[in-house]
Amino acid sequence: MNANAIAPSTAQSKATVIFTCVLAALAGLMFGLDIGVISGATQFIQDEFKASDHTIEWIVSAMMFGAAVGAVGAGWLSAALGRKRSLILGAVLFVLGSLLSGLAWSPETLVAARVVLGLAIGLATFTAPLYLAEVAPEHIRGAMISTYQLMITIGILVAFLSDTALSYSGNWRWMLGIIAIPGALFLLGVLLLPDSPRWLLMRGRREEALGVLHRLRGDAAVVAREAADIEEQLKTPQRGWHLFRENRNFRRSVGLGVLLQLMQQFTGMNVVMYYAPRIFQAMGYDTTTQMWFTALVGLTNVLATFIAIALIDRWGRKPILYTGFAVMAVGLGVVGTMMHGGIHDHGAQIFTVAMLLVFIVGFAMSAGPLVWTLCSEIQPLKGRDFGIGCSTFTNWIGNLVVGFTFLSLLNGIGNAATFWLYAALNVVFIALTFWLVPETKGVTLEQIERNLMGGKRLREIGR
Ligand code: BGC
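Residues numbered from 1 in each chain as written. Predicted model: local features only at pLDDT ≥ 70, side-chain atom pairs only at ≥ 80, totals over all residues. Heavy atoms only, no water.

### A short note on the site of the ligand
Next up, step 1: Around the ligand sit 15 residues, and of these Gln264, Gln265, Asn270, Asn301 and Trp372 come closest.
Next up, step 2: At a separation of 3.0 Å, an oxygen atom of the ligand approaches a polar side-chain atom of Gln149.
Next up, step 3: The separation between an oxygen atom of the ligand and a polar side-chain atom of Asn270 is 2.6 Å.
Next up, step 4: Coverage of the ligand by the protein chains reaches 100% of its 310 Å² of free accessible surface.
Next up, step 5: Among the cavities detected, the one that contains the ligand is the largest cavity.
Next up, step 6: Elements with a contribution of two residues or more to the shell around the ligand: α6 (141–167), α13 (248–265), α14 (269–282), α18 (367–377) and α19 (384–413).
Next up, step 7: Tallied by class, residues from the shell around the ligand come to six nonpolar, nine polar and no charged.
Next up, step 8: Of the domains in this structure, domain 1 (1–235) and domain 2 (239–463) are the two that each give at least three residues to the shell around the ligand. (Near = heavy atom within 4 Å. Polar contact = N/O pair within 3.5 Å; in protein donor to acceptor, adjacent residues only side chain to side chain. Areas by Shrake-Rupley, 256 points an atom, 1.4 Å probe, with all protein chains shown as cover. 1 Å grid on protein atoms, 1.4 Å probe; cavity = no way out; pocket = protein on both sides within 12 Å on 5 of 7 lines; lining within 4 Å. Sits in = over half its atoms within 2 Å of the grid points. Helix = DSSP H or I, 4+ residues; strand = E, 2+ residues; numbered from the N terminus. Nonpolar A, V, L, I, M, F, W, Y, C, P; charged D, E, K, R; others polar. Domains from an automatic or database assignment.)

The structure is reproduced here in structure tokens:
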């Protein structure tokens, strides 16, 4: 086959790449919709089923449980079925899970539907970044990964807005069911995606891989070089579990990925994502205001993500993390103090809301995007899939614990102490960042890997 004959024009291939990446990033949107959609619905679900706070914790957290399972299965599925088919499966489960949530006839069915949604999102959160990294050309790869986090925050915002609009009628079924529509669009889009060229090469389907690369890149020389690069890389087989058992240095990087995700989750961010209306209720606001403030939380989350995107390659990872954890500690500490003293007048209410938003800015400008970036940077090539699988799994387990305990904490130790607890954890994370987190700005992945495997201290593997 004459390569030039099938090479499309550069403009056409650029369009293919953009289309591909937009669609894969829509997986981020699904992630966000899934996280955000429940917060506005809980109050109405609680009214209809006369559900206890504990039952609500189950309903909220079932999704995270499913996601943890989905993330574990995703490594295997995306190797066996391929990235594209894993994404299709994720999309189908997403649509089914949303419809079932909307139709749920008991708290138990709602829990089951949320597990299905979780499976979908666990699959997608593992597979989409992998797919993105495999199809995006080198020079836009970094931007594509940030786009993914941005899409997560946009998904959360859209879910908050749709919940707010539907809150006037109190129709939680529509709130939960309506996300089947973006799910179905995502499914249609994913059906049009090409298979990942890297996966095709992994499977020995070289002709097809070259065909896809031609569609994506257009230029025969680029295609040949990239195919050769991928084939070279594939000579290093993924042997994560063995490596984990044999190699202490790899255990250190896996441990660091796990720790980073625990830090991200125990900032307390998802407490606000899942229970914002409830928090605003504790500040003394009525239902409508609770919902609008929740939407404001979502908007702040989107906007502050741009701070991270702008700073990540200028300031570096560690300064951003220090700043973010410090801002979060102050924000939550003050919210706790206000709740402790009692929020009696309008001024105090607004001030407390503002401090909660300060906390959101702290997260979105730092741990939100950066933890995902760092987790993909620190793993050595032969254990990358395994390492990222472990950290993604931890993300969902941490998320589960946070979601499952918040209302019990409020009821047990009280509002103020709950917020102080999370504030204190953020202070601890400043110290952990200092001791254990490397600065990876401007360092090649190969250099990081050499340092790690050479036994350098974790915080120095980026030097
Ligand atoms: C986290 C999610 C969180 C979201 C908020 C992501 O990076 O992993 O747990 O809900 O950010 O924007």
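Now, onward.
### Here's the deal with the environment of Leu216
Next up, step 1: With respect to the element layout, Leu216 can be found in helix α10 (residues 206–217).
Next up, step 2: Residues Leu216 and Met339, 123 residues apart in the sequence, show an inter-C-alpha distance of 55 Å.

### Re the domain arrangement of the chain
Next up, step 1: In terms of domain boundaries, the chain breaks down into domain 1 (1–235) and domain 2 (239–463).
Next up, step 2: Placing the centre of domain 1 and that of domain 2 at their C-alpha centroids yields a distance of 22 Å.
Next up, step 3: With 40 residues of domain 1 at the contact, the number on the domain 2 side is 40 residues.
Next up, step 4: The contact between domain 1 and domain 2 buries some 3,500 Å² in all, and 73% of this surface belongs to carbon and sulfur atoms.
Next up, step 5: Run the count over domain 1 and domain 2 and you get one salt bridge. (Contact = heavy atoms within 4.5 Å. Buried area = accessible area lost by both parts, 1.4 Å probe. Salt bridge = Lys/Arg side-chain N within 4 Å of Asp/Glu carboxyl O.)

### Considerations on α18
Next up, step 1: The buried fraction of α18 is high, at 10 of 11 residues.
Next up, step 2: Within α18, the full set of buried residues consists of Ala367, Gly368, Pro369, Leu370, Val371, Trp372, Thr373, Leu374, Cys375 and Glu377. (Buried < 20%, exposed > 50% of the residue type's maximum accessible area, 1.4 Å probe, protein only.)

### Here we look at the packing of α19 against helix α20 (residues 415–436)
Next up, step 1: Remark: α19 packs on α20, axes separated minimally by 7 Å, with the N-to-C direction vectors making an angle of 135°. Comparing their axes, α20 and α19 come out oblique. Contacts between α19 and α20 involve Val402, Thr405, Phe406, Leu409, Leu410 and Ile413 on the former and, on the latter, Asn415, Ala417, Thr418, Phe419, Leu421 and Tyr422.
Next up, step 2: Within the contact of α19 with α20, the residues separate by chemical class into nine nonpolar, three polar and no charged. (Axes fitted to C-alpha atoms, helices over the stretch in contact; angles between N-to-C directions. Parallel < 35°, antiparallel > 145°, perpendicular 65-115°, else oblique.)

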